[in-house]
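This is what each chain is made of:
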Amino acid sequence: AQSVTQLDSHVSVSEGTPVLLRCNYSSSYSPSLFWYVQHPNKGLQLLLKYTSAATLVKGINGFEAEFKKSETSFHLTKPSAHMSDAAEYFCVVSDNYGGSQGNLIFGKGTKLSVKP
Amino acid sequence: EAGVAQSPRYKIIEKRQSVAFWCNPISGHATLYWYQQILGQGPKLLIQFQNNGVVDDSQLPKDRFSAERLKGVDSTLKIQPAKLEDSAVYLCASSLDWAEAYEQYFGPGTRLTVT
């Protein structure tokens, strides 16, 4: 079965400093991986996705993630945090075979706090 | 374009009562999903529709949960009777089609509190 593990439940950074949110995945197949962001009282929004093309994926709002098969990781980074980045971030793997194609399996989330 | 709409946004009920949630997906989206997000966890898929047919309901507690998508557009999710552990945010999402290449768009969710 496919799964994702988000290694930190809470990350706190200062505005203007780099962001690193860690994610490891488990998959028997070639996975599709995503990062979603959830701001308070708003719907989940797709940040970026990896679907077996380039291993370095660029997303919205300056975020990017690198797929590393040897490490089974898909960490999310941003060079410089902004106050508006404060939110909950979910690493997601797609159950992309057979009848469950397209189903998303979410990690438990990492809450990002940004200090002024 | 208009996003995924859900109502109500908040609901408080007592255990053993029934409750229903409504979702209106983005126009033209064939696939509709219902997720349950318990506090402190990521969303978990409950049921997936392709047009008005069920694709996957393997994680839906069918003894108390039911869902329908009449005419392949709007959908309702019902819980009867509710238990304390059903307290969660219920998210609706839609996509153009069901393959993983298609982005899922999420609604704001309905926060259910069962007392």
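Since the model is a prediction, treat every value here as computed from it, not as a measurement.

Enquirer: Please clarify how unusual backbone geometry should be interpreted in this entry.
Expert: When glycine is set aside, most residues are seen to have a negative phi, and most peptide bonds are trans. Residues and elements named next belong to chain B. Cis geometry marks the peptide bond from Ser7 to Pro8, where omega comes out at -10 degrees. Along the chain, Pro8 turns up in the loop between β1 (5-7) and β2 (10-13). A cis geometry characterises the amide bond from Gln80 onward to Pro81, with omega recorded as -5 degrees. For Pro81, the location among the structural elements is in the loop between β8 (75-79) and β9 (88-95). The phi dihedral of Asn51 is positive, around 55 degrees, even though this residue is not glycine. The topology assignment puts Asn51 in the loop between β5 (44-50) and β6 (53-56). The partly exposed category is assigned to Asn51, whose relative accessible area is 40%. Of note, the phi angle at Lys71 is positive, near 65 degrees, even though the residue is not glycine. Here Lys71 lies in the loop between β7 (65-68) and β8.

Enquirer: It is not clear to me how the environment of Gly3 of chain B should be interpreted in this structure. Could you clarify?
Expert: Residue and element names in this part refer to chain B. Structurally, Gly3 is set in the segment before β1. Gly3 sits in the partly exposed class, given a relative accessible area of 45%. Remark: the alpha-carbon pair of Gly3 and Tyr90, spanning 87 residues in sequence, is separated by 16 Å. Contacts of Gly3, omitting those with residues within four sequence positions, involve Asn24 and Ile26.

Enquirer: Just checking my understanding: could you explain the interface of chain A and chain B for this structure?
Expert: Size of an interface, as often reported, equals the accessible area lost when the parts are brought together. Taken together, the contact between chain A and chain B spans 23 residues of the former and 23 residues of the latter. Contact between chain A and chain B buries roughly 1,700 Å² in total, counting both sides, with carbon and sulfur atoms accounting for 48%. At the boundary of chain A and chain B, one finds zero salt bridges. Run the count over chain A and chain B and you get one residue pair in polar contact (both at pLDDT 80 or more). Elements with a minimum of two residues in the side of chain A that touches chain B: β5 (32-38), β6 (44-50), β10 (87-95) and β11 (103-106) of chain A. For the side of chain A that touches chain B, the element with the most residues is β5 of chain A, which contributes four residues. Here the residues of the side of chain A that touches chain B are counted per class, giving seven nonpolar, 13 polar and three charged.

Reading guide: rules and limits
- Residues numbered from 1 in each chain as written.
- Chains lettered and ligands numbered in written order.
- Predicted model: local features only at pLDDT ≥ 70, side-chain atom pairs only at ≥ 80, totals over all residues.
- Heavy atoms only, no water.
- Helix = DSSP H or I, 4+ residues; strand = E, 2+ residues; numbered from the N terminus.
- Buried < 20%, exposed > 50% of the residue type's maximum accessible area, 1.4 Å probe, protein only.
- Contact = heavy atoms within 4.5 Å.
- Buried area = accessible area lost by both parts, 1.4 Å probe.
- Salt bridge = Lys/Arg side-chain N within 4 Å of Asp/Glu carboxyl O.
- Polar contact = N/O pair within 3.5 Å; in protein donor to acceptor, adjacent residues only side chain to side chain.
- Nonpolar A, V, L, I, M, F, W, Y, C, P; charged D, E, K, R; others polar.

On their own, these measurements won't tell you what the molecule is for.
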